[in-house]
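Chains, contacts and geometry: an overview
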Amino acid sequence: MDAALLAPAAGLDAFLAEAAALLPPDALLYGDACAPYQADASSCRGQAAAVLLPSDAAAVSALLRAAVRHRARLVPQGNLSGLVGGAVPDGSGRQVALSLARMRRLRAFDPLNRSAVSEAGMPLSELNRQLEPHGLWLPIDVGSDPAVGGLVGANTGGSRLLRHGDVRRNLLGLEVVLADEQGSVLDLTAPLRKNNAGIDLKQLFVGSGGALGVVTAASWDLKRRDASTLTLFAALPGREAALAMLDACEQRFGEMLSAFEVMGAPALAVTLRHFPALRHPLADSPAGCYALVEIASAMPGLDALLREQAESLLAGLHERGLIADAAFARPEALWPLRDSLPLALAAEGLPLSFDVGLPRSRLPAFHAAAERWLTGEHPELRLYDFGHFGDGGCHLIALLPREHAAAYSPAKLAVLKSGLYRLVAEYGGSFSAEHGVGPLNAAFYRKFADAGAQRLAAGLQRLLDPAAALGRHRYD
Ligand SMILES: Cc1cc2nc3c(=O)[nH]c(=O)nc-3n(C[C@H](O)[C@H](O)[C@H](O)COP(=O)(O)OP(=O)(O)OC[C@H]3O[C@@H](n4cnc5c(N)ncnc54)[C@H](O)[C@@H]3O)c2cc1C
């Protein structure tokens, strides 16, 4: 480690005094003005010493230089839609929120290269709004509205991951400010699809939760918008049948299969109870679970062909007893059935959410084992599930009835969560499919992530951030 980094730190006050000299007055917030920056979409709450709102990469670099010198800790923030508390300063009142919200320009757009470079604070919705007239989009499809920096920090997935991949797969480059003495700005934004000139460093920062550097801009591999789309809803006897249907859909439609979401019948029942305006598309067909399937292509004029192929596929699946019934409907009629479940469950009791990822071939067996385990160990809880079945993602929600809440101390909840994640590990899965590590998953990271991988991650963080100036979650 550099000797300068071992020198005594002047501390938080000295850092804030320097930050005040670097930023315009309205870009440094204190006290009550920090409130909107102290919580994300999870249950995580914190207290920021201050909030910094830089307007360009040069200001981010100057702030990081000062943070390194004074040993202040900065927590990068996007749009605060994260679900693990990764962008929330801790409760000590000594961490500083670094919001990229004022960096929202589209720096470059090349329609013939199908690429764009956007700054870290630009919301995904705004990026896609600007791309729409050109028939292009960044195909990360989520129920929230993340900022570009948060997309990279969390390696966001979403409902079309099956076809388009996660952020990692749609990223051409990054601009990143490092937590070194110089506040070095790495410009890796060249919008190149082929570039083997050395190690692909940009990928280091993807999904690292702001622990290795501050993303100030990203360069994207844009996709053509869909011009032909078919959406259908199927009632299935169970998840084994869902797996067989998924395989059959891929055989029939190949890479045009764009989403394959599955939700259990109890989950749909709760949703319909709390959202009476929603209509059950297959109310007369009893089912163990339902699949919401989207088939789409950027090629126009395929709607009739997609319908014809889907009808023949569904008839074959029905003959084999794999589906009970199916209905075609407009996307606006089907997606709310899936997206409303978290709100419905929150109205029903206290939801304990598990965002797990498994080899999709093992999803049915895992789900059955999770239900057996929960019924045996915690009979007062009920298990609901919905999620991106097609990519192995599963949002499991164990619902704790309010009358039993007092019996569940934080320690008992931690044991319950560990038990379920142990089962996930037995089935070859991940305790965090989409949402990352952050304070809410830190203990499970220590318990379930490979020990060698943890050592390497810690070493990387010490190398890139020896003064511990960055990130809510530390890998070291
Ligand atoms: C209703 C809802 C639906 C959701 N659906 C999905 C889904 O389908 N798939 C999915 O993957 N996620 C989903 N999420 C989670 C969330 O939207 C994503 O994790 C999102 O990418 C977070 O982006 P953000 O800008 O809000 O980041 P924040 O919450 O602000 O930050 C997320 C992480 O990135 C880091 N970070 C932020 N900006 C930077 C930066 N400039 N440089 C370095 N690090 C940075 C933070 O420190 C933090 O660790 C959902 C959330 C909600 C509320």
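Residues numbered from 1 in each chain as written. Predicted model: local features only at pLDDT ≥ 70, side-chain atom pairs only at ≥ 80, totals over all residues. Heavy atoms only, no water.

1. Focus: the pairing of strand 13 (residues 257-264)
Of all eight residues in strand 13, eight are buried; the element is thus mostly enclosed. Relative to strand 14 (residues 289-297), strand 13 is paired through seven bridges, and the arrangement is antiparallel. Within the sheet, the bridge partner assigned to Leu 257 lies in strand 14 and is Ile 295. Both strand 13 and strand 17 (residues 382-387) contribute to a ladder of two bridges, which runs antiparallel. Its bridge partner being in strand 17, Met 263 is matched across the sheet by Phe 386. (Buried < 20%, exposed > 50% of the residue type's maximum accessible area, 1.4 Å probe, protein only. Helix = DSSP H or I, 4+ residues; strand = E, 2+ residues; numbered from the N terminus. Pairing = 2+ DSSP bridges.)

2. Section: the site of the ligand
With respect to spatial proximity, 34 residues lie near the ligand, and among them Pro 76, Gly 78, Ser 81, Ser 144 and Thr 156 are the closest. In this structure, an oxygen atom belonging to the ligand sits 2.9 Å away from a main-chain N or O atom of Leu 80. In the environment of the ligand, an oxygen atom lies 2.8 Å from a nitrogen or oxygen atom belonging to the backbone of Ala 147. Here the ligand loses 89% of its free accessible area of 990 Å² to cover by the protein chains. Of all the secondary structure elements, the ones that give two or more residues to the shell around the ligand are strand 3 (73-77), helix 5 (148-154) and strand 10 (214-221). Top element by residues in the shell around the ligand is helix 5. It accounts for five residues. Its residues assigned to classes, the shell around the ligand shows 14 nonpolar, 19 polar and one charged. (Near = heavy atom within 4 Å. Polar contact = N/O pair within 3.5 Å; in protein donor to acceptor, adjacent residues only side chain to side chain. Areas by Shrake-Rupley, 256 points an atom, 1.4 Å probe, with all protein chains shown as cover. Nonpolar A, V, L, I, M, F, W, Y, C, P; charged D, E, K, R; others polar.)

3. Some thoughts on the nonpolar core
Ranked by internal contacts, the top residues of the largest apolar core, which has 58 residues, are Leu 232, Met 245, Phe 260, Val 293, Phe 354 and Phe 366. When residues of this core are assigned to their parent elements, the largest contribution, eight residues, is made by helix 9 (residues 239-253). Two domains each donate at least three residues to this core, and these are domain 3 (228-339) and domain 4 (349-435). Setting aside anything within four residues of it in sequence, one finds Leu 232 in contact with Met 245, Ala 291, Leu 292, Val 293, Ile 295, Ala 310, Leu 314, Ala 327, Phe 328 and Leu 334. Judged by nonpolar contacts, the second largest core, of 37 residues, contains Cys 34, Ala 59, Leu 100 and Ala 469. (Core = buried A, V, L, I, M, F, W, Y, C linked by side-chain atoms within 4.5 Å. Domains from an automatic or database assignment. Contact = heavy atoms within 4.5 Å.)

4. Points about the UniProt feature "domain: FAD-binding PCMH-type" (unreviewed entry) in the chain
Taking the UniProt record as the reference, the feature "domain: FAD-binding PCMH-type" (unreviewed entry) is found at residues 44-225. The straight-line gap between the two end C-alpha atoms of residues 44-225 is 36 Å; of that span, 23% is helix and 26% is strand. (UniProt positions renumbered as here; feature names shortened; annotations may be inferred.)

5. Considerations on the packing of helix 9 against helix 11 (residues 303-319)
Relative to each other, helix 9 and helix 11 sit at 145°, their axes nearing to 11 Å. As helix 9 runs across helix 11, the sense of the crossing is right-handed. Together, Met 245, Ala 248, Cys 249, Arg 252 and Phe 253 of helix 9 and Leu 306, Gln 309, Ala 310, Ser 312, Leu 313, Leu 314 and Leu 317 of helix 11 make up the contact between the two elements. For the contact of helix 9 with helix 11, the per-class residue count stands at nine nonpolar, two polar and one charged. (Axes fitted to C-alpha atoms, helices over the stretch in contact; angles between N-to-C directions. Left-handed = near helix turned anticlockwise from the far one by under 90°.)

6. Quick notes on the pattern of salt bridges
Counted by the stated rule, this structure contains 21 salt bridges. Close ionic contact of Glu 311 with Arg 307 constitutes a salt bridge, the shortest N to O distance being 3.0 Å. Residue Glu 311 and its partner Arg 307 are both found in helix 11; the two are separated by four residues, about one turn of the helix. The exposure class of Glu 311 is partly exposed, given its relative accessible area of 40%. Arg 307 sits in the partly exposed class, given a relative accessible area of 38%. Shared partners join several salt bridges into a network, and the residues in it are Arg 105, Arg 107, Glu 119 and Glu 175. (Salt bridge = Lys/Arg side-chain N within 4 Å of Asp/Glu carboxyl O.)

7. Topic: the domain arrangement of the chain
Taken as a whole, the chain is organised into domain 1 (3-102 + 458-464), domain 2 (106-224), domain 3 (228-339) and domain 4 (349-435). Once you take the C-alpha centre of each, domain 3 and domain 4 turn out to be 24 Å apart. On the side of domain 4, 12 residues touch domain 3, which itself brings 15 residues to the contact. At the boundary of domain 3 with domain 4, total buried surface from both sides reaches about 1300 Å², with 60% on carbon and sulfur atoms. (Buried area = accessible area lost by both parts, 1.4 Å probe.)

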